[in-house]
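# Commentary on secondary and tertiary structure
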Amino acid sequence: MIHTYTLNVFTDNQMDLQQTIIFDNNMVIGDLNGDYIVNILDILIMVNIIMGSIDDPGNADINDDNIINILDIVGLVNVILED
Ligand SMILES: [Ca+2]
Ligand SMILES: [Ca+2]
């Protein structure tokens, strides 16, 4: 189930920014193997994505900077610790 929301940001009654936000309930942040659990297996997959052995399934960029690197591993560890 995919939900789409439109975010409008107004500054002094002028529309400053319009952004479409898509929530895909089937995609858990950091759940790279699609088992709906974020754990050590997802970290292993992240390491493989960084090393280039596995393609990014689409949600490996945890900090959303368009690069998959060590920072995303740190972010993934934080997601696991928060649970
Ligand atoms: Ca998982
Ligand atoms: Ca990143």
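Residues numbered from 1 in each chain as written. Chains lettered and ligands numbered in written order. Predicted model: local features only at pLDDT ≥ 70, side-chain atom pairs only at ≥ 80, totals over all residues.

## Quick word on the nonpolar core
L32, I45, M46, I49, A60, I62 and L76 together form the largest nonpolar core, which totals 7 residues. For I49, the residues in contact, after removing those within four places along its chain, are I54, D56, A60 and I68. (Core = buried A, V, L, I, M, F, W, Y, C linked by C-beta atoms within 7 Å. Buried ≥ 20, exposed ≤ 12 C-beta atoms within 10 Å, placed from the backbone. Contact = placed C-beta atoms within 7 Å.)

## Overview of the confidence of the model for the chain
Summing up the model confidence of the chain, the mean pLDDT is 85 and the portion of residues at 70 or higher is 87%. Ranking the elements of the chain by mean pLDDT puts strand β2 (residues 14–24) last, at 74, and helix α1 (residues 40–51) first, at 93. (pLDDT = per-residue confidence, 0-100. Helix = DSSP H or I, 4+ residues; strand = E, 2+ residues; numbered from the N terminus.)

## Observations concerning the packing of α1 against helix α2 (residues 70–82)
Closest axis-to-axis distance for the α1/α2 pair is 10 Å, and the angle between their directions is 175°. Considering their axes alone, α1 and α2 lie roughly antiparallel with respect to each other. Here D42, I43, M46 and V47 of α1 come into contact with α2, specifically with D72, I73, L76 and V77. Looking at the contact of α1 with α2, its residues break down into 6 nonpolar, no polar and 2 charged. (Axes fitted to C-alpha atoms, helices over the stretch in contact; angles between N-to-C directions. Parallel < 35°, antiparallel > 145°, perpendicular 65-115°, else oblique. Nonpolar A, V, L, I, M, F, W, Y, C, P; charged D, E, K, R; others polar.)

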